[in-house]
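As a plain string of letters, each chain reads:
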Amino acid sequence: MHYQTASWGSYVAASRSNAMVGVGGDPLERIERLASENAVVIFSISSCCMCHAIKRLFCGMGVNPAVHELDEDPSGKDLERALIRLLGTSSVVPVVFIGGKLVGTMDRVMACHINGTLVPLLKEAGALWL
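Residues numbered from 1 in each chain as written. Predicted model: local features only at pLDDT ≥ 70, side-chain atom pairs only at ≥ 80, totals over all residues. Heavy atoms only, no water.

Asks: I tried to follow the pattern of salt bridges on my own but got confused; where do I start?
Replies: Opposite charge on two side chains allows them to pair when their charged atoms are near. Evaluated as defined, the whole model comprises five salt bridges. Salt-bridge contacts for K77 lead to E80; the nearest nitrogen and oxygen are separated by 3.8 Å. Here the residue K77 and the residue E80 both occupy positions in helix α4 (residues 76–87), the gap between them amounting to three residues, near one helical turn. (Salt bridge = Lys/Arg side-chain N within 4 Å of Asp/Glu carboxyl O. Helix = DSSP H or I, 4+ residues; strand = E, 2+ residues; numbered from the N terminus.)

Asks: Explain the confidence of the model for the protein to me, please; I cannot follow it from the model alone.
Replies: This prediction gives the protein a mean pLDDT of 85; 82% of its residues lie at or above 70. Across the protein, strand β5 (residues 95–98) holds the top mean pLDDT of 98, while helix α1 (residues 16–20) sits lowest at 42. Low pLDDT (under 50) marks residues 1–8, which in the prediction has 48 contacts with non-local residues, meaning those over four places away or in another chain. Within the model, the stretch residues 12–22 combines pLDDT values under 50 with 21 contacts to residues more than four positions away or in other chains. (pLDDT = per-residue confidence, 0-100. Contact = heavy atoms within 4.5 Å.)

Asks: Whenever I open this one, the packing of helix α3 (residues 49–60) against helix α5 (residues 106–115) confuses me. Can you help?
Replies: The angle between the axes and the distance between the axes are what describe a pair of packed helices. Where α3 contacts α5, the two axes come as close as 11 Å, and the packing angle between them is 30°. In terms of orientation, α3 lies roughly parallel with respect to α5. The interaxial crossing formed by α3 with α5 has left-handed handedness. Here M50, A53, I54, L57 and F58 of α3 come into contact with α5, specifically with M106, V109, M110 and H113. For the contact of α3 with α5, the per-class residue count stands at eight nonpolar, one polar and no charged. (Axes fitted to C-alpha atoms, helices over the stretch in contact; angles between N-to-C directions. Parallel < 35°, antiparallel > 145°, perpendicular 65-115°, else oblique. Left-handed = near helix turned anticlockwise from the far one by under 90°. Nonpolar A, V, L, I, M, F, W, Y, C, P; charged D, E, K, R; others polar.)

Pasting the structure below:
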């Protein structure tokens, strides 16, 4: 699991005690809680190239997302299954929440970026100040 830092364009590993909070509870409730804790939250798998690309997109925009690596979380498989149910698709990562609201996977985020709606979402969530 990763959390944002004060430096521009990076994120660092969170402590294991934070990662374990909510383990064993309802995965959908845990996703909702994690998604609401930061302006931008990405559920990712550390070896996924698309996850890396979406993290770089946000960092390149000056947004420091909270990143939850499902493959590094003890209940990551449960969270992944819950995200699959939430999205209604088998392609689950990366999944992005902005302002606690589900934006979607890579295709939805890129569509928002291309059509100009991503920056207003980020500003509204407090992730961008410009």
